[in-house]
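Coordinates in review
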Amino acid sequence: MDILIAIGHISGAVIVSIILGLVILFISSWELERNKKKATGELALKLGIPVSDLEDEEKIEQLVPKIIEISMEKFSDELFKNRISDFLGIIRTAWNWLSNILQVILIIAVCWYTFTDDLGNAVYAWLINAIVIFFFVVGVVFALICKILTGRYPGQAKEARKSLVNYHNETSA
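A brief look at the structure comes next. (Residues numbered from 1 in each chain as written. Predicted model: local features only at pLDDT ≥ 70, side-chain atom pairs only at ≥ 80, totals over all residues. Heavy atoms only, no water.)

Quick notes on the packing of aromatic side chains
Taken as a whole and judged by the stated rule, the model has three aromatic pairs. Aromatic side chains Trp 95 and Phe 134 sit 6.2 Å apart centroid to centroid with 55° between the ring planes, which places their arrangement in the tilted category. Of this pair, Trp 95 sits in helix α4 (residues 80-116) while Phe 134 sits in helix α5 (residues 127-150); the two residues are 39 residues apart in sequence, bridging distant segments of the chain. On the accessibility criterion, Trp 95 (25% relative accessible area) is partly exposed. Relative to Phe 135, the ring of Phe 134 has its centre 5.5 Å away and its plane inclined at 90°; by these criteria the two rings are edge-to-face. Assessed through its relative accessible area of 47%, Phe 134 is described here as partly exposed. Ring pairs connect the aromatic residues Trp 95, Phe 134 and Phe 135, which therefore count as one cluster. (Phe/Tyr/Trp six-rings, centres within 6.5 Å; stacked < 30°, edge-to-face > 60°. Helix = DSSP H or I, 4+ residues; strand = E, 2+ residues; numbered from the N terminus. Buried < 20%, exposed > 50% of the residue type's maximum accessible area, 1.4 Å probe, protein only.)

Listed below in structure tokens is the structure:
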């Protein structure tokens, strides 16, 4: 019976961490959508046009050169704040990798010690959820600090430049 309880702890902790991951993914996609709307509004304001014009295919084709010019200015790697954003984006990526690695190590260690040492060690599998929550909260705080300091989210400038290059490559091909 103890083995079933141990398996229940481990599988329950893994299932809850997957659910937490999906909730975090949902929150992140909502935030990304919100940030896109805000960026679209800022771009429309800078262009002096209504936001609806940026959603109209015919009108946007005429505005593409100006949009590219504004975006290249705003997200240029010449600006110090964009370099800081790029650097903090690398740190955020490393932070996310560290989170994933720690989760895998923890679950492997719990499984190992549960089945080789004591079945009571299975309860430590629930620490995986503490890791998920801790890394998420610290990541959000980190992103907000980056936004306050630079006006960009970690890695936002690099992603914008990458998108511009991809757009250029697609249209010139």
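Quick word on helix α1 (residues 2-47)
For α1, built from 46 residues, the straight-helix expectation of 68 Å at 1.5 Å per residue is met to within 8% by its first-to-last C-alpha distance of 67 Å. Every buried residue belonging to α1 is among Ala 6, Ile 10, Gly 12, Ala 13, Ser 17, Asn 35, Leu 43, Ala 44 and Leu 47, and all of these are buried. Buried residues along α1 sit in contact with α2 (51-55), α3 (57-74), α4 and α5. Where α1 ends, the next residue or the one after it, Gly 48, has phi of about 75°, a positive value. (Expected span 1.5 Å × (residues − 1). Contact = heavy atoms within 4.5 Å.)

So, the nonpolar core
With eleven residues, the main nonpolar core is built from Ala 6, Ile 10, Ala 13, Leu 106, Ile 107, Val 110, Ala 122, Ala 125, Ile 128, Ile 131 and Phe 135. Of all elements in the fold, only α1, α4 and α5 reach the threshold of two or more residues within this core. Sequence-distant contacts of Ile 128, defined by excluding residues within four places in its chain, comprise Ala 13, Ser 17, Gln 103, Leu 106 and Ile 107. Counting eight residues, the second largest nonpolar core, distinct from the first, contains Leu 47, Leu 54, Ile 67 and Ile 70. (Core = buried A, V, L, I, M, F, W, Y, C linked by side-chain atoms within 4.5 Å.)

Examining the pattern of salt bridges
Taken as a whole, this structure holds four salt bridges when the rule is applied. Residues Lys 66 and Glu 69 are paired through a salt bridge, measuring 3.9 Å at the closest nitrogen-oxygen approach. Here Lys 66 pairs with Glu 69, and both are found in helix α3, just three residues apart, close to one helical turn. Residue Asp 86 is joined to Arg 161 by a salt bridge in which the shortest nitrogen-to-oxygen separation is 2.5 Å. In this pair, Asp 86 sits in helix α4 while Arg 161 sits in helix α6 (residues 156-172), placing the two residues 75 residues apart along the sequence. Both residues of the pair, Asp 86 and Arg 161, belong to the buried class. (Salt bridge = Lys/Arg side-chain N within 4 Å of Asp/Glu carboxyl O.)

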